[in-house]
Amino acid sequence: MIKKEVAHIRKQFKLDHDLLNIYDILNVYIMKESNEIYHWERQPFGLVDREKQELYMANFKKLLTGELDQKLFELKFQEEAEEPTQVLLHQALVTGDSDEWQDLMLLLVEKMLADTKYERDTVVTFVRGQYFRPTKARNDEAEESEKNEVFANPFILCSVNSTEKPRNSLLFDYVEREFKYNIIVDPIIKLSAPEQGFFYPSVTDNYSDVNRILYCTAKSNFPDPHFIGQVLNAERSVTALEERAIFEEIVKEVVGEQLDVATLAQVYEEIHQLIETNEDEDEPPKLDYKDVERVLTVSGVENLTTEKVERAFQTIVDDKNYEMKANSVMPKFTSKSIKIDTKVATISVSPQDLKYVKQVNYQGRRCILIEVDEDAVIEGFTLSTETI
């Protein structure tokens, strides 16, 4: 699954969209005290009040928002799981019986409750429907709209949302013309902040892939291992943060602990160019040991050999043929995503501007030197320029 495919699906989740049909919605309320289902309710989505529909749509879109391998993870199902969730989900996907779909989703909620203790009352929401992906018109001479020819993709979406206690408030009654203390006891479902969920099936080359599932989490780089392994029966994937750490360890193994800023800036530049060049490809670009050797060599690292890089891969990940996603191994190129922490200050800089930063020795002291085009201003005061 690539970024464009996720974006296409996310864009469909709005009311009255002609490329999206949602058939049923099932809400399940879980009590934290008993860790059991307190209440569930299923109804056709079209019969839900429009104001509620808008809240649900915003929730679904929020769930599907985020970077791949940070908040969104395409996962493979475990091959030898007992009572595999893949079978349950596929059966629920193809059934035309709303009652059967409902029963299968309730079975999935039971798996969520096993060996898990929720800290707050929680609502699990399921919807089933289908979205349509336009294809190129077969007859160009007829000037048919692309929407006239589409692929239908059935799906199941799940969103897990916690609840919070409402705040007591002071109200003004227009009729009685008096101030009133308002006590509300009904919990508020935090639809604006889904905690986790999934979208099934995933998409590969614009086609539904029933062997994969898109797991979603609100905690960047912290997927829930229990939900992935025990509920979805899926294989955990490497997060972008973990992949970046692997890349850093491999580079350290090759060049040592110290690296000058100019070389590091060039490394990021080379990887960025690789990402930009392959932006329109179906698969995101990856780095193997040959790619890392090329990037480091072009960036000015001397005395580098293929065997040395190959050995570093074997040492760090125990697999010389391991491939890392290029998007994961570096911070965001144009945002101030690199933090330079010192005892005096923390400096934020983007990878593309890292070339303007140096660590120098000035009168026997280590200093950070930053090249700037404009005068620096502190608390409204323009700093005077000192010539060294």
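What counts, and at which threshold
- Residues numbered from 1 in each chain as written.
- Predicted model: local features only at pLDDT ≥ 70, side-chain atom pairs only at ≥ 80, totals over all residues.
- Heavy atoms only, no water.
- Core = buried A, V, L, I, M, F, W, Y, C linked by side-chain atoms within 4.5 Å.
- Buried < 20%, exposed > 50% of the residue type's maximum accessible area, 1.4 Å probe, protein only.
- Contact = heavy atoms within 4.5 Å.
- Helix = DSSP H or I, 4+ residues; strand = E, 2+ residues; numbered from the N terminus.
- Arc of directions from axis to C-beta.
- Disulfide = S-S within 2.5 Å.
- Salt bridge = Lys/Arg side-chain N within 4 Å of Asp/Glu carboxyl O.

An unreviewed UniProt entry lists the chain under the name DUF4317 family protein, with Paenibacillus anaericanus given as the organism.

Trainee: Explain the nonpolar core to me, please; I cannot follow it from the model alone.
Mentor: Where a protein is soluble and globular, its nonpolar side chains tend to be buried together. Leu89, Met105, Met112, Val124, Phe126 and Phe198 are the most contacted members of the largest nonpolar core, which has 33 residues in total. Leaving out residues up to four positions away in the same chain, Met105 has contacts with Leu26, Leu88, Leu89, Ala92, Phe126 and Ile156. Judged by nonpolar contacts, the second largest core, of 32 residues, contains Val295, Ala312, Tyr322 and Met324.

Trainee: Is there a simple way to think about the environment of Ala7 in this case?
Mentor: Here Ala7 is to be found in helix H1 (residues 3-12). The spacing of Ala7 and Leu64 is 57 residues in sequence and 8.4 Å in space, taken between C-alpha atoms.

Trainee: For this particular structure, what's the right way to read H1?
Mentor: An α-helical segment advances 3.6 residues per turn. Residues three or four places apart therefore align on the same side. Residues of H1 that are buried: Glu5, Val6, His8, Ile9 and Gln12. Looking down the long axis of H1, one finds its buried residues gathered within 160 degrees of arc, a one-sided arrangement. Exposed positions of H1 whose direction lies more than 90 degrees from the buried face are Lys3, Lys4 and Lys11. Buried residues along H1 sit against strand S1 (20-31), strand S3 (72-76), strand S4 (122-134), strand S9 (196-200) and strand S10 (202-204).

Trainee: Even after reading the chapter, I still don't get the state of the cysteines, so can you show me in this structure?
Mentor: Note: disulfide means a covalent bond formed between the sulfur atoms of two cysteine side chains. Under the definition given, this model contains zero disulfides. Cysteine Cys158 remains unbridged, with the sulfur of Cys216 as its closest cysteine sulfur at 9.3 Å.

Trainee: Hey, could you run me through the pattern of salt bridges in this one?
Mentor: Where charged atoms from two side chains of opposite charge come close, those side chains can pair. In total, this model carries ten salt bridges according to the counting rule given. As a salt-bridge pair, Arg128 and Asp24 come within 2.9 Å of each other at their nearest N and O atoms. On the criterion of sequence distance, the pair formed by Arg128 in strand S4 and Asp24 in strand S1 is long-range, its members being 104 residues apart. With relative accessibility at 5%, the residue Asp24 sits in the buried group. Put simply, Arg294 and Glu270 hold a salt bridge, and the shortest N to O gap is 3.7 Å. With Arg294 in helix H8 (residues 289-298) and Glu270 in helix H7 (residues 261-277), this residue pair connects regions lying 24 residues apart in the sequence. Overall, Arg294 belongs to the partly exposed group, its relative accessible area being 37%.

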